[in-house]
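Residues per chain, in single letters:
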Amino acid sequence: MYAIIETGGKQYRAAEKDVLRVEKLEAEVGTEVMLDRVLMVSTDGNVRVGAPYVAGASVTARVVRQGKGRKIEGFTFKAKKNERRRFGHRQFFTELVIQSISA
């Protein structure tokens, strides 16, 4: 059994006991999160597709940790002007363990 869920503007394939790294969610470590934006649910070959979401379907996940991703470094310059700028960015994420899928 698996489901396609939407969170943080992205879509993820989630099965029970999977570990997903999603965009930052406002939740404490150890708490359970209910993800109700389920786009598709598949159970034993039986597929239910939502329009856009499957009615009554939800995914329960436990927050394992909150963190920052690896650093992305960038560099901009303007030719012949001696103008240079370096910058870095680390995206926040939430790591989830899928507990159950209810269809």
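These lines cover the structure that appears in this document, whether it is placed above or below.

1. Brief notes about the pairing of strand β5 (residues 38–43)
Burial within β5 is extensive, with five of its six residues counted as buried. Pairing between strand β1 (residues 2–7) and β5: four bridges, direction antiparallel. Across the sheet, residue Ile4 finds its bridge partner in β5, namely Met40. Where β5 lies against strand β6 (residues 46–49), four bridges are found, and the strand directions are antiparallel.

2. Concerning the sheet that holds β1
Read across the open sheet, the four strands follow the order β2-β1-β5-β6; overall the sheet is antiparallel. The sheet is open, and its two borders are formed by β2 (10–15) and β6, each paired with just one other strand. Along the sheet, successive strands turn relative to each other by an average axial angle of 15 degrees, direction set aside.

3. Here we look at the pattern of salt bridges
This structure, assessed with the given rule, holds six salt bridges. Arg37 is the salt-bridge partner of Glu6, the closest N and O atoms lying 3.9 Å from each other. With a gap of 31 residues between them, Glu6 in strand β1 and Arg37 in the loop between β4 (32–35) and β5 connect regions that are remote in the sequence. Measuring nitrogen to oxygen at the nearest pair gives 3.5 Å for the salt bridge that ties Glu95 to Arg21. Of this pair, Glu95 sits in strand β10 (residues 92–102) while Arg21 sits in strand β3 (residues 19–23), placing them 74 residues apart in sequence. Through salt bridges that share partners, Arg21, Arg65 and Glu95 make up one connected network.

4. Some remarks on the side chain of Thr94
Secondary-structure assignment places Thr94 in strand β10. There is a polar contact of 2.7 Å between the side chain of Thr94 and the side chain of Gln66. Excluding residues within four positions of it along the chain, Thr94 makes contact with Leu20, Arg21, Val22, Glu23, Lys24, Leu25, Val63, Arg65 and Gln66.

What counts, and at which threshold
- The numbers attached to residues start from 1 for each chain and follow its sequence in the written order.
- Thresholds applied to this predicted model are a pLDDT of at least 70 for local features of residues and 80 or more for the giving and counting of side-chain atom pairs; totals over whole chains, interfaces and linings are not thresholded and use all residues.
- Side-chain metrics rest on all non-hydrogen atoms present in the structure, leaving aside hydrogens and water.
- Buried means the residue's accessible area, taken with a 1.4 Å probe over protein chains only, is under 20% of the maximum for its type, while exposed means over 50%, and partly exposed covers the values in between.
- A run of H or I in DSSP counts as a helix once it spans at least four residues, and a run of E counts as a strand once it spans at least two, with each numbered from the N terminus.
- Whether two strands pair depends on DSSP finding at least two bridges between them.
- Working convention: axes come from line fits to C-alpha atoms, limited for helices to the stretch in contact. Angles between N-to-C directions cover 0 to 180 degrees.
- When a carboxyl oxygen of Asp or Glu lies within 4 Å of a side-chain nitrogen of Lys or Arg, that pair is called a salt bridge.
- Identification of polar contacts relies on pairs of N or O atoms within 3.5 Å, with a donor-acceptor requirement for protein atoms, meaning one able to donate a hydrogen and the other able to accept it, and with residues adjacent in sequence counted only if both atoms are side-chain atoms.
- In what follows, a contact means two residues having at least one pair of non-hydrogen atoms within 4.5 Å.

On their own, these measurements won't tell you what the molecule is for.
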